[in-house]
Amino acid sequence: MTLTFSLNEARRVALAAQGFARAPRGAIRHRQLLAQVQALGVVQIDSVNALVRSHYLPAFSRLGHYDRELLDDLAWGRPARRALFEYWGHEASLLPLELYPLMRWRMRRAARGQGIYQQLARFGEERRDVIQRVLGAVREQGALGAGALSTREERAGPWWDWSAEKHALEWLFAAGEVTVAGRRGFERLYDLPERVIPPAILDQPDLPEDEAQRRLLLRAAEALGVATERDLRDYYRLDSDDCRARLAELVEEGALQPVRVDGWRQATYCPGEVRVPRKVRASALLSPFDSLVWERARTERLFDFRYRLEIYTPRHKRQYGYYVLPFLHDERLAARVDLRAERAQDRLAVHALHEEQQGLSEAGIQALAGNLQSMAAWLGLGEVVVTCGNAGTARLRGCLAGS
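These numbers come from a predicted model, not from an experiment.

1. Overview of the overall build of the protein
No. 1: Tallying secondary structure elements over the protein gives 16 helices and 14 strands in all.
No. 2: Radius of gyration (C-alpha) of the protein: 22 Å, near the 22 Å computed for a compact globule of 403 residues.
No. 3: Seen through its C-alpha atoms, the protein measures out along the principal axes to roughly 65 × 60 × 45 Å.
No. 4: Split into buried and exposed, the 403 residues of the protein put 56% on the buried side.
No. 5: Looking at the protein alone, contacts between residues at least 24 apart form 65% of all its contacts between residues at least 6 apart.

The structure is reproduced here in structure tokens:
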């Protein structure tokens, strides 16, 4: 008999899989932080710094106050401490080191011009001279950024207005011939994998593509809890044909089981034994790039919450704001908060608060105020200031003033 979940049960399963079911105890150290990233399986990186770089936010949403240098250590620190690496997981991402062998098939495809930006593939075909020159410079000089290699005189512009050397480094990175050794500010520093990835990981034999893809799908299923084929495919950005084939194999061998979710038309799956929590009590502000909400169709299906980024939308056309964080409370995405870390004024600014149709209860408003104050303290900001007059902000101001 096929297992059936109500929508509320599916939400709780998803929230538990994403790390919201258990409150952390005690101070957060490297071990707890790494365990959280391993459970998620991938953390997206984005350059927008309106609040804080997005890769720091998922751990804060789940664990609360932690030292951001702990994540820096795990991603770019001393070799003995390093436990994460950068690659194209779900977009540009931090991934646990144990997933490095599962990404080699993608690196091989990238080297053949498959699965990467078309312009990068074309560059790989046409500019082997630059690629070899840049690889030689990295081999001889150690970790280098694109700026140290550029031979162009004019300043680089938007995303694809890169120097030839930057194109070469990105091609080499996608193909696995260099990796990220560290960052200078937000600039990547590239080095040879053998100088960054531990030998115990790097020396593992290559996995066949189908086996690596099966393992990635299982990691996605464990991180999502309950998911459609599209949800699973999107988590590590697998091709649809690959995903369908591997999914059928996993179901046949019993590693994934088909389930039904009330109101969902799509075929749905979950891994092994599934425990449905009786209640998920977490309240959290979520990064726009959080793995709970990054697949927008899933977010609508699971939470009845239509969410779109408006960062690149002209200001007068924005509906909710520039950098809008969903607010999770009482197992719902109950509100949207447009936030900015205004460091010159030493404040966390709430530029807009939009409650969903059901609204926030008094407990919800208090929880939001608490989350905002915790975030301000975590970011080293002296106060939370509400700068808008939207409905609900009077209650939020009252909670902030009374705490």
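2. Section: the packing of aromatic side chains
No. 1: Counted according to the given criterion, the structure contains 9 aromatic pairs.
No. 2: When the centroid spacing of 5.4 Å and the interplanar angle of 80° are considered together, the rings of Tyr235 and Tyr236 count as edge-to-face.
No. 3: Taking the relative accessible area as the measure of exposure, Tyr235 reaches 0% and is therefore buried.
No. 4: Look at Phe305 and Tyr307: their rings are 5.9 Å apart centre to centre, the planes differ by 45°, and that puts the pair in the tilted class. Side by side, Phe305 and Tyr307 carry an identical accessibility label, which is buried.
No. 5: Grouping aromatic residues by their ring pairs yields a cluster made of Tyr87, Trp88, Phe173 and Tyr190.
No. 6: Geometry around Trp264 places Arg301 over its ring, the cationic atom sitting 4.7 Å from the centre.

3. Observations concerning helix α4 (residues 68–76)
No. 1: Residues of α4 that are buried: Leu70, Leu71, Leu74, Ala75 and Trp76.
No. 2: Buried positions along α4 lie against α2 (30–40), β3 (84–89), β4 (91–96) and β5 (179–184).
No. 3: Its side-chain oxygen 2.9 Å from the backbone nitrogen of Glu69, Asp67 forms the N-cap of α4.

4. Some remarks on the pattern of salt bridges
No. 1: Scanning the entire structure with this criterion turns up 36 salt bridges.
No. 2: Where Asp239 meets Arg109, a salt bridge forms, and the shortest distance between an N and an O atom there is 3.1 Å. You can see Asp239 sitting in the loop between α12 (229–235) and α13 (240–252) and its partner Arg109 sitting in helix α5 (residues 104–111), a full 130 residues away along the chain.
No. 3: Accessibility expressed as a relative area gives 43% for Asp239, which makes it partly exposed.
No. 4: In this structure Arg109 comes out as buried when scored by relative accessible area, which is 14%.
No. 5: Three or more residues joined by partner-sharing salt bridges are found here, namely Asp210, Glu211, Arg214, Arg215, Arg246 and Glu249.

5. Here's the deal with the confidence of the model for the protein
Any region with low pLDDT has predicted coordinates that should not be read closely.
No. 1: For the protein, the mean per-residue pLDDT works out to 93, and 97% of the residues sit at or above 70.
No. 2: Here residues 153–160 scores under 50 on pLDDT; set against residues more than four positions off or in separate chains, the count is 7 contacts.

Basis of the calculations
- Residues numbered from 1 in each chain as written.
- Predicted model: local features only at pLDDT ≥ 70, side-chain atom pairs only at ≥ 80, totals over all residues.
- Heavy atoms only, no water.
- Helix = DSSP H or I, 4+ residues; strand = E, 2+ residues; numbered from the N terminus.
- Rg over C-alpha atoms; globule rule 2.2 N^0.38 Å.
- Buried < 20%, exposed > 50% of the residue type's maximum accessible area, 1.4 Å probe, protein only.
- Contact = heavy atoms within 4.5 Å.
- Phe/Tyr/Trp six-rings, centres within 6.5 Å; stacked < 30°, edge-to-face > 60°.
- Lys NZ or Arg CZ within 6 Å of the ring centre and 35° of its normal.
- Polar contact = N/O pair within 3.5 Å; in protein donor to acceptor, adjacent residues only side chain to side chain.
- Salt bridge = Lys/Arg side-chain N within 4 Å of Asp/Glu carboxyl O.
- pLDDT = per-residue confidence, 0-100.

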